[in-house]
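# Inside the fold
Read off the chains here:
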Amino acid sequence: MLPFGYAVRNLYRNKTRLAQTLAGSALVVLLVMGAQALNAGMRRTLNASGSPDNVMLLGAGSEESVQRSEVSEQAAGIAEASLAGVATVMDTRAVSPEIFHMAYLEMPDGSISRGMVRGVTHRALLTHRRVSIQEGIFPGPGQMMVGRLAWKRLGVTPDALEPGTTILLDEIPFTLSGIFAAPGTVMESEVWMDLNDLRTAAQRETVSSVVVRLESGEREDVEIFARQRLDLELSPIGEKEYYERLAAFYAPVRSMTWITAVLIATAAIFAGFNTLYAAFASRVREIATLQAIGFRRSAVLVSLIQESMMTSLLGALLGSVLASILLTDRLIHLSTGTFRLTVGPETLFAGIITGVILGIVGALPPAFRCLKPSLPQALRD
Amino acid sequence: MSTSNDILVRCRGVTKQYKKGETLVTPLESLDLDVPRGDFLAMMGPSGSGKTTLLNLLSGIDQPTSGTIEFDGMEIQDLPRRKLAGWRARHVGYIFQLYHLVPVLTAFENVELPLLLDDMSRRDRRERVEAALSLVGLADRVHHYPRELSGGQEQRVAIARALVADPALLVADEPTGDLDREAADAILGLLQTLVREQHKTVVMVTHDPRAADAAMRILHLEKGRLQEAAV
Ligand SMILES: Nc1ncnc2c1ncn2[C@@H]1O[C@H](COP(=O)(O)OP(=O)(O)O)[C@@H](O)[C@H]1O
Ligand SMILES: [Mg+2]
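Conventions adopted
- Residues numbered from 1 in each chain as written.
- Chains lettered and ligands numbered in written order.
- Predicted model: local features only at pLDDT ≥ 70, side-chain atom pairs only at ≥ 80, totals over all residues.
- Heavy atoms only, no water.
- Helix = DSSP H or I, 4+ residues; strand = E, 2+ residues; numbered from the N terminus.
- Rg over C-alpha atoms; globule rule 2.2 N^0.38 Å.
- Buried < 20%, exposed > 50% of the residue type's maximum accessible area, 1.4 Å probe, protein only.
- Contact = heavy atoms within 4.5 Å.
- Patch = residues over 30% accessible without salt bridge, like charges linked within 9 Å, V, L, I, M, F, W, Y side chains within 5 Å.
- Areas by Shrake-Rupley, 256 points an atom, 1.4 Å probe, with all protein chains shown as cover.
- Salt bridge = Lys/Arg side-chain N within 4 Å of Asp/Glu carboxyl O.
- Phe/Tyr/Trp six-rings, centres within 6.5 Å; stacked < 30°, edge-to-face > 60°.
- Lys NZ or Arg CZ within 6 Å of the ring centre and 35° of its normal.
- Core = buried A, V, L, I, M, F, W, Y, C linked by side-chain atoms within 4.5 Å.
- Pairing = 2+ DSSP bridges.

## Let's talk about the overall build of chain A
Regarding its fold elements, chain A presents 13 helices and 14 strands. Expected size for 381 residues packed as a compact globule is a radius of gyration near 21 Å; at 29 Å, chain A overshoots this value by more than 25%. Principal axes of the C-alpha set define a box for chain A whose edges measure 90 × 50 × 30 Å. A total of 381 residues make up chain A; the buried ones form 53% of that total. Long-range contacts, defined here as pairs at least 24 residues apart, represent 79% of the contacts in chain A between residues at least 6 apart.

Structure below.
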């Protein structure tokens, strides 16, 4: 084996080249970590958004999209009256009729953004237990409250959404009554308002969904209820499953981020081939000399890979530091919600694996090319 | 008369051919050569006459197209390439015209390289390296990098590297070709000392008749064939 120190010192032979390969691998690692962090963040948020105790009653045939679903409001009352095992808080049953509506909202600064508006009653707080009001009060008629990340989604600064300001929905003014938190869920980027107000604004007679929180009851009870009351045309789906399906809806976004990451990484590897080829080619005779002394080709190959791995792992380290500075808790907003990039152990793992792959894959073709000429030929050069 | 035991390298009918595109080049043809132990052989001949090719064959860097090369009683022409690397490390030290030192390693580390192929303690290695470097007169340049040495000093480091693993044969391809008169004489004197005092066998290729005079025997290669001229 060639001494490790040989590989280390070879790194410093050309500082420009070292800087290039370092920067290149750092960038690729950062990119891969970004893709991983986005996917992890999306998965985490969507997983957290649904509660395992909650069942959504959607209109039959609209299981795919709560926004298209229509449920008669009557159904909420009937469900409340006839379903067993529903959670009860201070004599009120946790049955929440809700309207999901994508609407154009005019911000206090005059800008217009599209956002997810949920029409609710007080009972929403009984079913969505992650929701807690942080500032102000629950919206009554003529009022709205916003999730604490809604500003991002609506394209304004956080302080533009102070309680007391006015937001227009279809030119009707609503006063901001409060700000709520729902840690780690898509609800944090929603706007909540009074159910009746939204029904009027959206010109509909039905609600989108009735969310029921079960306590002692089973999912099966809800399904039996839906089957017994075919006239209500209800289709129950676990809230968790609903958001899991939503996660599947994001699969194309996820593949796009990965494909982009892989494409750029591939381009970087090809650039790395050239750089490393230049680095190794300038040492063909030296490599041949080592073989003349008695080192086997494999020993030389290992040394070249060590050299390349050191750069790529150093780059991975750099990329990881950059990732934790640039990506941690960064918010990305997509149509259904705002996702918080999650830089965790898995992200770091993805970064390190990328570094290892870059090191090995990047070194092999140039190393083979430089080891290919016959020994007498290489000594002659 | 020399018995077979006294012959370190014996070549019989050695031919080397290369394909150069469509044409076949034959740098060496049916060459017979005996190199006795303790010989200091100078090989002369015009450029392209096959001198380097012959050295490469003697040192196991290249293999003949046909013929046999016996080294210390063992035929090496058919050894697989993997084995040949280990064989070279034990039996031959190669000295190049342009020294071929590894620029990122110090004189000490360059000389140490062949010993890394053996299981040897760090201390034993250090003793061997220091002994080799003082043998070539560079005890005071141990931690210098090649770029901090003169050409003559570099070549002496290269000689120390070639002999540190104690091989029986040293081959040198125009070892003084890039040196001034004084440095060249010092190198030739060193090779003579190695033959005389360390019982090495040296095969040296040279253009320079003065360099050849340092040897015990001179052979002329002409178009791949030997033309013996007694000294
Ligand atoms: N790898 C090779 N491929 C093709 N021809 C070669 C190769 N190596 C040497 N030759 C040819 O063999 C001949 C002898 O070369 P060489 O042994 O280097 O001569 P010298 O060292 O005497 O100058 C030259 O004509 C050279 O072009
Ligand atoms: Mg030559």
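Still more to cover.
## Re a nonpolar patch on the surface
Residues and elements named next belong to chain A. A surface patch of nonpolar side chains, amounting to about 420 Å² of accessible area, comprises Phe 349, Ile 353, Ile 357, Ile 360 and Val 361. The topology assignment puts Val 361 in helix 12 (residues 345–371). For Val 361, a relative accessible area of 36% corresponds to the partly exposed category.

## Concerning the packing of aromatic side chains
Counted according to the given criterion, the structure contains five aromatic pairs over all chains. Between Tyr 242 of chain A and Tyr 243 of chain A, the ring centres sit 5.4 Å apart and the planes meet at 85°, which makes this aromatic pair edge-to-face. We classify Tyr 243 of chain A as buried; its relative accessible area is 4%. Geometrically, the ring pair formed by Tyr 94 of chain B and Phe 96 of chain B is stacked, given 4.5 Å between the ring centres and 15° between the ring planes. Judged by its relative accessible area of 10%, Tyr 94 of chain B falls in the buried class. Take Phe 96 of chain B: its relative accessible area is 7%, and that puts it in the buried class. In this structure, Arg 369 of chain A packs its charged tip against the face of Tyr 277 of chain A, placed 3.7 Å from the ring centre.

## Comments concerning the nonpolar core
In this structure, Val 9 and Val 203 of chain B are the most contacted members of the largest nonpolar core, which totals 58 residues. In terms of residue count, the dominant contributor to this core is helix 10 (residues 284–293) of chain A (six residues). In contact with Val 9 of chain B, not counting residues within four places along its chain, are Leu 33, Asp 34, Val 35, Leu 58, Ile 69, Glu 70, Phe 71 and Leu 169 of chain B. Leu 149, Val 157, Ala 211 and Ala 212 of chain B belong to the second largest nonpolar core, which has 44 residues in total.

## Notes on the sheet that holds strand 2 (residues 23–36) of chain B
Residues and elements named next belong to chain B. Spatially, the four strands line up as an open sheet ordered 2-1-4-5, and their pairing is antiparallel. Taken across any chain shown, the strands that pair with only one partner, and hence form the sheet edges, are strand 2 and strand 5 (74–75). Bridge count for strand 1 (residues 7–20) against strand 2 is nine bridges, and the pairing is antiparallel. From the neighbouring strand, Lys 19 faces strand 2, where its bridge partner is Leu 24.

## Some details on the side chain of Glu 307 of chain A
Residues and elements named next belong to chain A. By the secondary structure assignment, Glu 307 is in helix 11 (residues 297–326). Judged by relative accessible area, Glu 307 falls into the buried class, the value being 5%. Not counting the four nearest positions on each side in its chain, Glu 307 is found in contact with Ala 7, Asn 10, Leu 11, Phe 280 and Arg 283.

## Here's the deal with the environment of Gly 362 of chain A
All names here are of chain A. By the secondary structure assignment, Gly 362 is in helix 12. Separated by 326 residues in sequence, Gly 362 and Gln 36 have C-alpha atoms that sit 22 Å apart. Excluding anything up to four places from it in sequence, Gly 362 contacts Phe 273, Leu 276 and Ile 357.

## Topic: unusual backbone geometry
Peptide bonds are, in most cases, trans, and in most cases residues other than glycine have a negative phi. The backbone phi angle of Glu 171 of chain A is positive, close to 70°, even though this residue is not glycine. Summarising the element assignment, Glu 171 of chain A is placed in the loop between strand 8 (166–169) and strand 9 (172–181). Residue Glu 171 of chain A is classed as exposed on the basis of its relative accessible area, which comes to 72%. Residues other than glycine seldom take positive phi values, yet Lys 223 of chain B does so here, at roughly 50°. Tracing the chain through its elements places Lys 223 of chain B in the loop between strand 9 (217–222) and strand 10 (225–229). Taking the relative accessible area as the measure of exposure, Lys 223 of chain B reaches 72% and is therefore exposed.

The quantities given are spatial measurements derived from coordinates; they are silent on function.
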